[in-house]
2 protein chains.
Amino acid sequence: MGGVAYFCGVEPTSYRTHGCGNLRLSQVGQTIRVAGWVRRVRDLGRFVFVDVRDRSGILQLVALEGTQPYEILRSLGREWVIQAEGILQQRESPNPELPTGEVELRVEKVQVLNTSNTPPFLIEDETDGQEELRLRYRYLDLRRPIQQRRLELRAEVIRTCREYLRRRGFLEVETPMLIRSTPEGARDFLVPSRLKPGSFYALPQSPQLLKQLLMIAGYDRYFQVARCFRDEDYRGDRQAEFTQLDCEMSFVTQAEILETFEGLVREVHRKVADTDLEDFPRLTYTEAMQRYGSDKPDLRYSLEWTEVTSWAQTQPVPFWQSRRTFWLWLPEKKASRKQQEAWQTIAKENGASSLAFIHQEGAHRTSSLAKFIALDEIQLPGDGMGLWLTTDKLSALGAVRQAIIHDLNLTPDKPWSVLWIVDFPLFEEGENGELVAAHHPFVHPHPEDIDRIETDPLSVRALAYDLVINGNEIMSGSLRCHIPELQMRIFRRLGLSEAEAREKFGFLLDALGYGAPPHGGCAFGIDRWVMLLAGARSLREVIPFPKTASGADLMLGAPAPIDPQQHAELLRWLGQESI
Amino acid sequence: MGGVAYFCGVEPTSYRTHGCGNLRLSQVGQTIRVAGWVRRVRDLGRFVFVDVRDRSGILQLVALEGTQPYEILRSLGREWVIQAEGILQQRESPNPELPTGEVELRVEKVQVLNTSNTPPFLIEDETDGQEELRLRYRYLDLRRPIQQRRLELRAEVIRTCREYLRRRGFLEVETPMLIRSTPEGARDFLVPSRLKPGSFYALPQSPQLLKQLLMIAGYDRYFQVARCFRDEDYRGDRQAEFTQLDCEMSFVTQAEILETFEGLVREVHRKVADTDLEDFPRLTYTEAMQRYGSDKPDLRYSLEWTEVTSWAQTQPVPFWQSRRTFWLWLPEKKASRKQQEAWQTIAKENGASSLAFIHQEGAHRTSSLAKFIALDEIQLPGDGMGLWLTTDKLSALGAVRQAIIHDLNLTPDKPWSVLWIVDFPLFEEGENGELVAAHHPFVHPHPEDIDRIETDPLSVRALAYDLVINGNEIMSGSLRCHIPELQMRIFRRLGLSEAEAREKFGFLLDALGYGAPPHGGCAFGIDRWVMLLAGARSLREVIPFPKTASGADLMLGAPAPIDPQQHAELLRWLGQESI
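Residues numbered from 1 in each chain as written. Chains lettered and ligands numbered in written order. Predicted model: local features only at pLDDT ≥ 70, side-chain atom pairs only at ≥ 80, totals over all residues. Heavy atoms only, no water.

*Asks:* Looking at this structure, how should I read the overall build of chain A?
*Replies:* Helices and strands together make up the secondary structure of chain A, namely 14 helices and 22 strands. The C-alpha extent of chain A, read off along each of the three principal axes, is 90 × 80 × 50 Å. Split into buried and exposed, the 579 residues of chain A put 61% on the buried side. Here the contacts in chain A between residues at least 6 apart in sequence split such that 65% fall between residues at least 24 apart. Put simply, chain A shows about 23300 Å² of open surface, and 47% of that area lies on carbon and sulfur atoms. For chain A, the distance from the average position of its 69 positive side-chain charges to the average position of its 81 negative side-chain charges is 3 Å. (Helix = DSSP H or I, 4+ residues; strand = E, 2+ residues; numbered from the N terminus. Buried < 20%, exposed > 50% of the residue type's maximum accessible area, 1.4 Å probe, protein only. Contact = heavy atoms within 4.5 Å. Areas by Shrake-Rupley, 256 points an atom, 1.4 Å probe, with all protein chains shown as cover. Lys, Arg positive; Asp, Glu negative; His and termini not counted. Charge placed at Lys NZ, Arg CZ, Asp CG, Glu CD.)

*Asks:* Looking at this model, I keep getting lost on helix α11 (residues 484–493) of chain B. Mind explaining?
*Replies:* The α-helix advances 3.6 residues per turn, and as a result positions three or four apart in sequence lie on the same side. Considered for burial, the residues of α11 of chain B that qualify are P484, L486, Q487, M488, I490 and F491 of chain B. One or two positions beyond α11 of chain B, positive phi appears at G495 of chain B, with a value near 85 degrees.

*Asks:* I'm lost on the packing of aromatic side chains in this one. Help?
*Replies:* Each aromatic ring pair is characterised by the separation of its centres together with the angle its planes make. All names here are of chain A. Enumeration over the complete set of coordinates arrives at 46 aromatic pairs over all chains. Between F280 and W420, the aromatic rings sit 6.4 Å apart at their centres with planes inclined by 45 degrees, giving tilted as the arrangement. Of this pair, F280 sits in the loop between α6 (254–273) and β11 (282–284) while W420 sits in strand β17 (residues 418–422), and the two are 140 residues apart along the sequence. (Phe/Tyr/Trp six-rings, centres within 6.5 Å; stacked < 30°, edge-to-face > 60°.)

*Asks:* Could you clarify how one ought to interpret the packing of helix α5 (residues 208–216) of chain B against helix α12 (residues 498–512) of chain B in this entry?
*Replies:* Between two packed helices, the angle of one axis relative to the other and the distance separating the axes together describe the packing. Residues and elements named next belong to chain B. As a packed pair, α5 and α12 sit with axes 10 Å apart at the nearest point and diverge in direction by 20 degrees. Taken as axis vectors, α5 and α12 run roughly parallel relative to one another. Taken as a pair, α5 and α12 cross one another with a handedness that is left-handed. Touching L209, Q212, L213 and I216 of α5 are F505, F507, L508, A511 and L512, all from α12. Across the contact of α5 with α12, the residue classes break down as eight nonpolar, one polar and no charged. (Axes fitted to C-alpha atoms, helices over the stretch in contact; angles between N-to-C directions. Parallel < 35°, antiparallel > 145°, perpendicular 65-115°, else oblique. Left-handed = near helix turned anticlockwise from the far one by under 90°. Nonpolar A, V, L, I, M, F, W, Y, C, P; charged D, E, K, R; others polar.)

*Asks:* Would you explain unusual backbone geometry in this entry?
*Replies:* A negative phi angle is the norm for most residues apart from glycine, just as the trans form is the norm for most peptide bonds. Residues and elements named next belong to chain A. With omega at -5 degrees, the peptide bond leading from A558 into P559 counts as cis. Within the secondary structure, P559 is located in the loop between α13 (526–534) and α14 (564–573). Not every positive phi belongs to a glycine, and D220 is a case in point at roughly 70 degrees. Residue placement: D220 occurs in the loop between α5 (208–216) and β9 (221–229). When its relative accessible area of 3% is taken as the criterion, D220 is described as buried. The phi torsion at D274 lies on the positive side, around 55 degrees, for a residue other than glycine. What makes D274 exposed here is its relative accessible area of 60%.

*Asks:* What should I look at first to understand the pairing of strand β13 (residues 325–331) of chain B in this one?
*Replies:* Side chains on a regular strand alternate between the two faces of the sheet. Residues and elements named next belong to chain B. The element β13 is extensively covered by neighbouring structure, given that six of its seven residues are classed as buried. Two elements, strand β12 (residues 306–307) and β13, share two bridges in a ladder whose sense is antiparallel. In the sheet register, T306 faces β13, and the bridge partner there is W327. One ladder, built from seven bridges, connects β13 with strand β16 (residues 384–390); its direction is antiparallel. (Pairing = 2+ DSSP bridges.)

*Asks:* What is the right way to read the pattern of salt bridges from this model?
*Replies:* A side chain of one charge can pair with a side chain of the opposite charge when the charged atoms of the two come close. Residues and elements named next belong to chain B. Taken as a whole, this structure holds 103 salt bridges over all chains when the rule is applied. Of the charged contacts in the structure, one is a salt bridge between E131 and R540, with a shortest N-O distance of 2.6 Å. Placement of the pair is E131 in helix α2 (residues 131–136) and R540 in the loop between α13 (526–534) and α14 (564–573), with a sequence separation of 409 residues. Exposure remark for E131: the relative accessible area of 29% places this residue in the partly exposed category. (Salt bridge = Lys/Arg side-chain N within 4 Å of Asp/Glu carboxyl O.)

*Asks:* Just to check I follow, could you spell out the sheet that holds strand β2 (residues 47–54) of chain A for this structure?
*Replies:* Across a sheet, paired strands are connected by hydrogen bonds in the backbone, their directions being either parallel or antiparallel. Residues and elements named next belong to chain A. A barrel is described by the order of its strands in space; here five strands give the closed sequence β1-β2-β3-β5-β4, paired in mixed fashion. Taking each pair of neighbouring strands and ignoring which way they run, the sheet shows an average axis angle of 55 degrees. Pairing between strand β4 (residues 81–90) and strand β5 (residues 103–114): ten bridges, direction antiparallel. Each bridged residue has a counterpart across the sheet, and for I87 the counterpart in β5 is R106.

*Asks:* Would you mind going over the relation of the copies chain B and chain A with me for this structure?
*Replies:* Each of the two chain copies can be brought onto the other by rotation about an axis and movement along it. With an RMSD of 0.1 Å, the fit of chain B onto chain A corresponds to turning through 180 degrees and sliding 0.0 Å along the axis. Such a turn and shift between the copies fits a two-fold axis. Nearest to the rotation axis, the C-alpha of V191 of chain B is located 2.5 Å from it, this being the minimum over chain B. Both copies present the same face, since 100% of the interface residues in chain B are matched by interface residues at the equivalent positions in chain A. (Least-squares fit on C-alpha atoms with pLDDT ≥ 70 in both.)

*Asks:* I tried to follow the packing of helix α4 (residues 145–167) of chain B against helix α6 (residues 254–273) of chain B on my own but got confused; where do I start?
*Replies:* Residue and element names in this part refer to chain B. Remark: α4 packs on α6, axes separated minimally by 9 Å, with the N-to-C direction vectors making an angle of 140 degrees. The angle between α4 and α6 falls in the class oblique. Crossing angle aside, the handedness with which α4 passes α6 is right-handed. Between α4 and α6, the residues in contact are L153, E156, V157, R159, T160, C161, E163, Y164, L165 and R167 and E259, T260, F261, G263, L264, E267, V268, K271 and V272, respectively. When its residues are assigned to classes, the contact of α4 with α6 shows nine nonpolar, three polar and seven charged.

*Asks:* Is there a simple way to think about the interface of chain B and chain A in this case?
*Replies:* By a widespread convention, an interface's size corresponds to the accessible area lost as its parts come together. Counting residues at the interface gives 127 residues for chain B, matched by 128 residues for chain A. With both chains or domains summed, chain B and chain A bury close to 11100 Å², and 59% of this area falls on carbon and sulfur atoms. Looking at the side of chain B facing chain A, the largest losses of area belong to E174, F251 and Y514 of chain B, adding up to 8% of the total buried there. The tally of links from chain B across to chain A stands at 16 salt bridges. (Buried area = accessible area lost by both parts, 1.4 Å probe.)

*Asks:* Mind showing me how you'd approach the state of the cysteines here?
*Replies:* Simply put, the disulfide is a covalent bond whose two ends are the sulfur atoms of two cysteines. Residues and elements named next belong to chain B. Counted by the stated rule, this structure contains zero disulfides over all chains. C161 forms no disulfide, and the closest cysteine sulfur to it belongs to C247, at a distance of 7.8 Å. Residue classification places C161 among the buried residues on the basis of a relative accessible area of 1%. Summary of cysteine pairing: C228 is not part of a disulfide, and the nearest cysteine sulfur, belonging to C247, is at 12 Å. (Disulfide = S-S within 2.5 Å.)

*Asks:* Before we go on, may I ask you to explain helix α12 (residues 498–512) of chain A in this structure?
*Replies:* Given a rise of 1.5 Å per residue, 15 residues ought to cover 21 Å, yet the end C-alpha atoms of α12 of chain A are separated by just 14 Å, more than 12% below that figure. Listed as buried for α12 of chain A are A501, F505, G506, F507, L508, L509, A511 and L512 of chain A. Structurally, α12 of chain A contributes buried residues whose contacts are with α5 and α11 (484–493) of chain A together with β5 (103–114) and α3 (138–141) of chain B. (Expected span 1.5 Å × (residues − 1).)

Right under this line is the structure:
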C-alpha cells in the first residue's frame, strides 16, 4: 500500500480541533482537542500515558500524577471513547513508528464519551482474532488501522475510475436490481413478487443486457459501479454479492476499447500503487494456452513452455508418440523427488499423459528418461532443471507451471504483470459435447471468422478480451452483436430456435431491431483488483461486510428464518397452490 | 434545466471525428466524420437533408442530386444508424433552434451501420407515445434528448454530492444488499437462501444499522449512493427500488450536521440549477404544523395560518368554542362557491370541524359567518379572502393550504424554497394507541427531554431533522443513541423487552457496547431531488429503468414466472415441509 495517502484527515468539529494522526512538531505549544478510542493505557506511577486513535492515526496523551486528568486517564479501558484537551508538547523519547511520534498532548481536560466492553480480540494491524470471530465482530475488525487503510484504498480505486471515465465521456447510469431471471449463466438469486403471486424478480448477475440497451438508447458511453449477485457454491473466495465496474461504449473498435481501459488501469496503478505500468502485452488466447497453459498467466514469472512435439516424436520414448510435448527450462533450479512426484500427479489430474525431468548440475545429468534417451545428446544451456510435459490438454501446462512457482517459492521478476488476452474462441464444447457460448451469447464474432459460424464453429474467434493482472482475470469484455440477423445466427448455432430466443431474450432482439450502434464493453472485478492493490490475501479483507464461504453474514446473522406468519404469506405469493 | 451543460461531448473514435452536436461555424471547411441516428429525412428533389443525432446533439447532412451519397441518404429510414463524412459548410438558412443550426455537412461518403424498424412513437422531446408504450420500449424513450439530459443531470447531481462529501472527509463504503430482515418499518423484499433452506436474506430498506456500525468501527464520516428496497403498495409515484444518498458522521452536533448538508445542497443547486440558494430557514416541527399544517410545507408560497383561538372563543360562533381556530388571509383573492365547498370537504376529511370564509371587495363584505358575527367589526387589511379553520388536527391546515395553492393556481414567490424542520417528536401514537418510534428506534432524544421518556413520552423531542424542498421531504436524519443504556430505555418504552430487543437488534446492542462515538446522519432521496431539479413531473422520468405502480418492469417483463423445476426447487429451499 506503499505510503500513498488518500485521506486528508478528520475535519475539526466541536468535539475536536485536530485529528489524532495529524499532529506534528510545528503545532507544539498549541491548545489541541482530540476525540477517539483508547488504544492502550500505560500507568507509570508518576505519569500515565494513553494512546488515543481516530481514523487519522494515533496520538499519545500524558498526564502527571496529582492532576485531575491523571485519575481519569488511569481509569480508562481499552476502546473507551474519550475527548481530551491540552497543550501539545515535544516528546522526550520520540516514537519513530508513529507519524505523531515526536509529540504528545499534555492533558488538561478529559471526558469519557462512552465506555466499552473488553474487545474479543486486539484492535491492531496484527491481531489475535481468528477470522470467524473477526467477522462476527466486523465493526471491531474494521476498526483496525490496516482495515481502514484497505477501505480507503478501495474508495480511492473506485473514485479514480469514476474520474477517468467521466473525463473520457462516460455517463454513470444506475440500472435496476430487481430484474428478470435469465436462463443463462450461473444461478440467479430470486425475489418472490407479492403483487404478482407465482412470479419472481431476479437479482442481476451483471447489467449486461441493460448496458447494451443503454447503447441502443444512444448513451454512447456508460459506466456503473454495480453490485452483482451469483447464487453459486462459493468455492474458496467467491462472494454471493460482488462489485463490478461495468462499462460500455458505442462507435468504437476493439483497439479503441483496449486503449481506453489500458489508460484507466495505468491511472489507478499510478494513483494508488505509485506505479507506472509498462505497455500491456497482448497475447492471443492460443498463444497464452501454448506458452503458459492458461488464459490468465501470471507473467511476473518468466517461465514458459515451448512446444517440442516434432523433435519428441523422433525420440524413442513410447509415450511421446501420440500427443503434443512441451518443454520448460528453469536455470539454476532443481526439484526434489517428492516435488517431481507431486507435479506428475498434478499433470495427470489435468489430463496430461506424462511429465519427465532432466537435471544438470556441473557435469552431472539425471533424468527420469535415462532408460529411453541418451542424456548427453540433449542440449542444455547450463545448470538447472528441464521438464517435458506430454499432453493434448493445454491447461496441464498451466497447472504444472503454477505448482512449480508455488513449490519452488520463485521470486517474481517484477511486482506487476498486466496483459491482454485477445481472440478468445466464440464457442466451446459444453459438458455433453454441445456447443455453448464461451463468454456469453451476445459476443461479436471476429469478422474474418463469421463465415465459419455454421461450418466450423469451434474455430470461430470472438472479439473478446480479458485483462490479466498477476495471474488474475481482473476484467473481461467483448464487442457485441449489434446486427439482429447475426445475433440470431449465433442463437441458432447455440441450438435456440427463433421462438426460444424470443422467449428468453425477446426484449434484446426487439431492441436490436431499432437501430443498435456498433458497441462493446467490459466489466472489472473491483473486489479482486483492490485485493491485489492492497496486497491482501482474501476478498473478504477488502469487502466492508463480506459473507463466508457458505453465504452467511456472521455479524448480522443472515440469512435467517422469518416469522411463521411472514413465511406462510410468502408461500401464498409463491403460488404454492399451482404445484 | 437552465442551460447548464454537464456533458463534454462525444470523444472522437475511428467512427467519427466529432459529435453531431459539437460543430460550429469555426469548423466550416474541415473534413468531418460523424456517426449517429437518423432523426428525419427531407427529400427536396434537388437536395436531400438528413438530421443525424447522437448524445451530443443534432447535425444536418445534405447531399446534392446526382451524387452517390444522395441516393443513400434518400433511402434512409428513421432511427437507422449511419456514419457520414464530408465537408462542413455554412447553412444558407440557419436554424436558430439548434446549437449547430448555422452549419451542415455536405456528405461525400455515407455508410449504413444498422437499419431500424419504424419506432412506435416519436423520438423527440415532445413525443406522441403514451407512458406504458414508452416504458415497454424504454430504450427508445431514453433516446429522446430530454431524457438524455435528465440522466446527465442525475449523474451530475450524484457526482457533485460525491465530490463535496469527499472534500469534507467522507469515505464512500459499500454495504451489503443481502442482509437480515428487520421487523421494523415497511415490508422487506425477501430472498430465499438455497444453502440454508428455510432461511432468507432481505434486501435493505436502507443501510441505517450498517452505517451506524461503520461509525462504531471508527470511520468518522461515511457516505454511499445506496439502492434501497421497499415492498409497499406503490401509491402514485413510489418505486420498489430507489436511490438514497446515505451519510453518517461521528463527533458532531446537530448544528454541525445541518451546516454540512446545507453546504451540500447549495453546491448541487449552484452546479446543476445555476441557483444560489438563500440561507435555509429552520422551523420546529411544532411551528411548521401550526403555521402550515405540514412538516414539509412548500414555502414558495407565503400563505400562512395564524392561531386566533382566544379571539374566536369570545365570538358568538357555536362551533368555535371547543377547538382551536386558525386564520389565513389572501390579499386580492376570492374563491368561487364551488371552491369554498371543495375546501370545506377537504377540511372535514382531514379532521377539521369547520371552515368559514370572509371576502372583501371594495366596500362589499360577504361571509359564511354573516349570521353569527358582525362582519363590519372584523379588521381586514384590504380586498381579499380570509379563512377561519377550526380544528384540533393541524394537518387539516396543510390540506386546505395545499388545495388553495392548487385550485387558485397561485404563482410561487420564488423558484426554490429550501428549509429545515427540526425538533420532531421522538415518539408518536400508533394505530392502536400504542407508542411507536416517530422516525426509527435509534434516534437520540433531545437532551432536555430525556427525563420525560418514561413519564411523558409524547412530549419528548428528538434530535431529528428533515430538509424540505418545494414541499417535498428530500432528506431526513437524526443524531443516534450511542449510549447502550439510553438505547435500551427507548426500546423498553416502545414495549420491547430486553430479550426481544436482543432478538431483533442484538448486533446493534452488542456493537453499542464496544465504544460507540456520538454520531448522526441523514439520507437524501436522490430520485425525488433530481425530479425537482429536472422540472420533471414523475420519478419515472428520472429513473433510468423505472417500474410501474404495480412494481412491473414493462421492458424486461419482470417479475415473471420461473420454470417449473426451478419453482419446485425453490419451494424445497423454503422449507415447505416445515409448514
